[in-house]
Every structure is written in C-alpha cells, then in structure tokens.
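Structural features, examined
The primary structure of each chain is shown beneath.
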Amino acid sequence: ARYARTWMVPDLIVIVVDWVMLYLALAENDNATSPAGFARIGKSVRYMRIMRVMRLLRLRKIQEALHQADEFVNIQYFS
C-alpha cells in the first residue's frame, strides 16, 4: 500500500516514457525493423535510462547537501 502511494506513479511514468520513446523511434525510423535498427534503439533507450538515473542521483546528492547545510545552520543558530 505504501508503494502505491509513494513510488508507483514515478515508476509508471518512467515505464510509459520508455515505451513511448521506443514506439516513436520505431515509427520514425524505416530501418527500425532490421536487427541493427532494434539494436540502435535498444542502445539509445539504455543511454536515456542511464542519464535519467544519473540525474536522479545528482538530485539526491543536492538534497543531502541542502540537508547538511540546514543542520549546520540550525546548530550554529541554536548554540
């Protein structure tokens, strides 16, 4: 139940975006039905996923830095 309230929607968005991008790449590229076309599409989807993960990791790193700065300010203010 907690997953459905927290991470289910972002996970579904990621999956839908991947499928839409794959469909658009297949519809746009005439050579997509060849094995090389599928490999190229698979590789580009993989790179997009890697970039998305890197972006999420960077966001997490920024959140941690802001949390540490907030704690530092609170320690300085209250002591």
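For clarity, every value in this text was computed on a predicted model and none was experimentally measured.

**A word on the overall build of the protein chain**
Across its full length, the protein chain holds three helices and zero strands. Ordered by position from N to C terminus, the α and β elements of the protein chain give α-α-α. Among the 79 residues that make up the protein chain, the fraction classed as buried is 8%. Here the protein chain displays about 7300 Å² of accessible surface, and carbon together with sulfur accounts for 67% of that area.

**What to know about the confidence of the model for the protein chain**
When the pLDDT values of the protein chain are averaged, the result is 78; 84% of them are 70 or greater. Of all the helices and strands in the protein chain, helix H2 (residues 8-28) carries the lowest mean pLDDT, 78, while helix H3 (residues 35-78) carries the highest, 81.

**Some words on a nonpolar patch on the surface**
A contiguous nonpolar patch, built from Tyr3, Trp7, Met8, Leu12, Ile15 and Trp19 and spanning about 700 Å² of accessible area, is present on the exposed surface. The element best represented in the nonpolar patch is H2, accounting for four residues. For Trp19, the position within the fold is in helix H2.

Reading the values: the criteria
- Residues numbered from 1 in each chain as written.
- Predicted model: local features only at pLDDT ≥ 70, side-chain atom pairs only at ≥ 80, totals over all residues.
- Heavy atoms only, no water.
- Helix = DSSP H or I, 4+ residues; strand = E, 2+ residues; numbered from the N terminus.
- Buried < 20%, exposed > 50% of the residue type's maximum accessible area, 1.4 Å probe, protein only.
- Areas by Shrake-Rupley, 256 points an atom, 1.4 Å probe, with all protein chains shown as cover.
- pLDDT = per-residue confidence, 0-100.
- Patch = residues over 30% accessible without salt bridge, like charges linked within 9 Å, V, L, I, M, F, W, Y side chains within 5 Å.
- Salt bridge = Lys/Arg side-chain N within 4 Å of Asp/Glu carboxyl O.

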